[in-house]
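# Close look at the chain arrangement
Chain by chain, the residues:
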Amino acid sequence: MKMFVVFVILLHVSQHASAVERYEGDSFILPCQFDIFDLRNPTVVWSRADLSPPTVHQYQQEGDELKDQNQRYSGRTSMKTDALETGDLSLNLTNLQLSDSATYTCSVRSIRGERKVKDVQLQVKERFPPWAKALLVLLVLLVVSGGLLFHFRHYFMSGYKVEVDSGVESVQLPSNTTVCLPKNAKVEWTDKNKRKVHAYQNGSDQNEEQHQVYRDRTKMKGNLLKPGDLSLTLKYPTDEDRGTYTCTV
Ligand SMILES: *[C@@H]1O[C@H](CO)[C@@H](O)[C@H](O)[C@H]1NC(C)=O
């Protein structure tokens, strides 16, 4: 059992160490160090054997030599200007693409021939894997549609349910309009038996039309010029007032 655990840990560690992983758009320094002081007129070549032309970057005494560079890497590579003095032949690769995933070879060419210094394996991953993108799109859609539903809820919701305990002093029956109504509009509240609960027109309550059950028990905000304010207050609600009230304009 102990052996197995150790094995699993080793496997874990080695998997992480084997290849360098970076994300799309990042930049990455491909490391390479080589003692070239004793070489005359050396040329440093970074290449990818699986490409044609294979050259990713080339550097020599005079500086960058990019006429053979594979155009995929055009403008995305740089080496330190003192590379040949310090022996730090690292390649700075910017704006990583998924297609940059490969094995890169750092080699040094001189009159004596070419010498491979190092292979560097690079794995470029999508910053957001496809499932994360799908999830994000879904989330955005949900939020947007939720927001739209909330914003236009009055168009979908034609009724309200209001519950109060018996004995409360008053209850407000909400009614929302989303537009301003003309001054002479008539607003009528009726109950389940089509009895007139409250009528309002021309800036005043029309009490003579009201059913006697509701006498002195109703009050409307009655501001027609303000959207959403046709709510009716019903005083001393009882069990008999249970039912559906309709606001008509
Ligand atoms: C790599 O090159 C980019 C672009 O020139 C630069 O912004 C970045 O600082 C370089 N990275 C390093 C570690 O030098």
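The residue numbers shown here count from 1 along each chain, following its written sequence. Only residues with pLDDT of at least 70 get local features here, since the model is predicted, and only at 80 or more are side-chain atom pairs given and counted; chain-wide, interface and lining totals rely on the full set of residues. As a rule here, side-chain values cover all heavy atoms of the structure and leave hydrogens and water aside.

Further remarks concern unusual backbone geometry. Along the chain, Ser52 connects to Pro53 via a cis peptide bond; the corresponding omega equals -5°. Residue placement: Pro53 occurs in the loop between strand E3 (43–47) and strand E4 (55–60). For Asn95, which is not glycine, the phi dihedral falls at a positive 45°. The helix count covers DSSP runs of H or I at least four residues long, the strand count covers runs of E at least two residues long, and both are numbered beginning at the N terminus. The residue Asn95 is located in the loop between strand E7 (91–93) and strand E8 (102–110) in this model. Residue class for Asn95 comes out partly exposed when judged on its relative accessible area of 42%. One non-glycine residue, Lys194, lies in positive phi territory at about 65°. Here Lys194 lies in the loop between strand E11 (186–190) and strand E12 (196–201). Remark: exposure states derive from per-residue accessible area (1.4 Å probe, protein chains only) relative to the maximum for the residue type, with buried under 20%, exposed over 50%, and partly exposed in between.

Let's shift gears to the state of the cysteines. Whenever a pair of cysteine sulfur atoms sits within 2.5 Å, that pair is classed as a disulfide. Applying the stated rule across the entire model yields one disulfide. With a sulfur-sulfur separation of 2.1 Å, Cys32 is cross-linked through a disulfide to Cys106. As the torsion about the S-S bond is roughly -75°, the Cys32-Cys106 disulfide counts as left-handed. Here the residue Cys32 occupies a position in the loop between strand E2 (28–30) and E3, and Cys106 occupies one in strand E8, the gap between them amounting to 74 residues. For Cys32, a relative accessible area of 2% translates into the label buried.

Where strands meet in a sheet, backbone hydrogen bonds hold them as pairs that are either parallel or antiparallel. Pairing within the open sheet is antiparallel, and its four strands lie in the order E13-E12-E11-E16. Both edges of this open sheet fall to strand E13 (204–205) and strand E16 (246–248), since each of them pairs with a single strand only. Sheet topology places E11 next to E16; three bridges connect them, and they run antiparallel. Note that in E16 the partner of Glu188 across the bridge is Thr248. Pairing between strands requires that DSSP locate at least two bridges from one strand to the other.

Here we have three strands laid out as an open sheet, ordered E2-E7-E6, and antiparallel in their pairing. Each having just a single partner strand, E2 and strand E6 (77–79) make up the two edges of the open sheet. Strand after strand, the sheet turns through a mean of 30° between neighbouring axes, direction not considered. Where E2 meets E7, three bridges bridge the pair, whose relative direction is antiparallel. Along E7, the bridge assignment pairs Phe28 with Leu93. Here an axis means a line fitted to C-alpha atoms, over the contact stretch when the element is a helix, while the angle between two N-to-C directions is reported on a 0 to 180 degree scale.

It is worth spelling out the side chain of Arg217 at this point. With respect to the element layout, Arg217 can be found in the loop between E13 and strand E14 (218–220). On the basis of relative accessible area, Arg217 is assigned to the buried category, the value being 12%. Identification of polar contacts relies on pairs of N or O atoms within 3.5 Å, with a donor-acceptor requirement for protein atoms, meaning one able to donate a hydrogen and the other able to accept it, and with residues adjacent in sequence counted only if both atoms are side-chain atoms. Engagement of the side chain of Arg217 in a polar contact is seen with the backbone oxygen of Val213, the distance being 3.1 Å. Here Tyr236 takes part through its backbone oxygen, which lies 3.3 Å from a polar atom of the side chain of Arg217. A contact between two residues is defined here by any heavy atoms of the two lying within 4.5 Å. Setting aside residues up to four positions removed in sequence, Arg217 forms contacts with Thr233, Leu234, Lys235, Tyr236, Pro237 and Asp241.

Let us look at the site of the ligand. In the vicinity of the ligand, the contacting residues are Ile29, Asn92 and Thr94. Note that an oxygen atom of the ligand is positioned 2.3 Å from one of the side-chain N or O atoms of Asn92. In these tables, accessible area is a Shrake-Rupley quantity obtained with a 1.4 Å probe, and a residue counts as shielded only by the protein chains included in the view. In isolation the ligand exposes 360 Å². Once the protein is present, 30% of that is buried. Throughout, near means a residue has at least one heavy atom within 4 Å of the molecule or strand.

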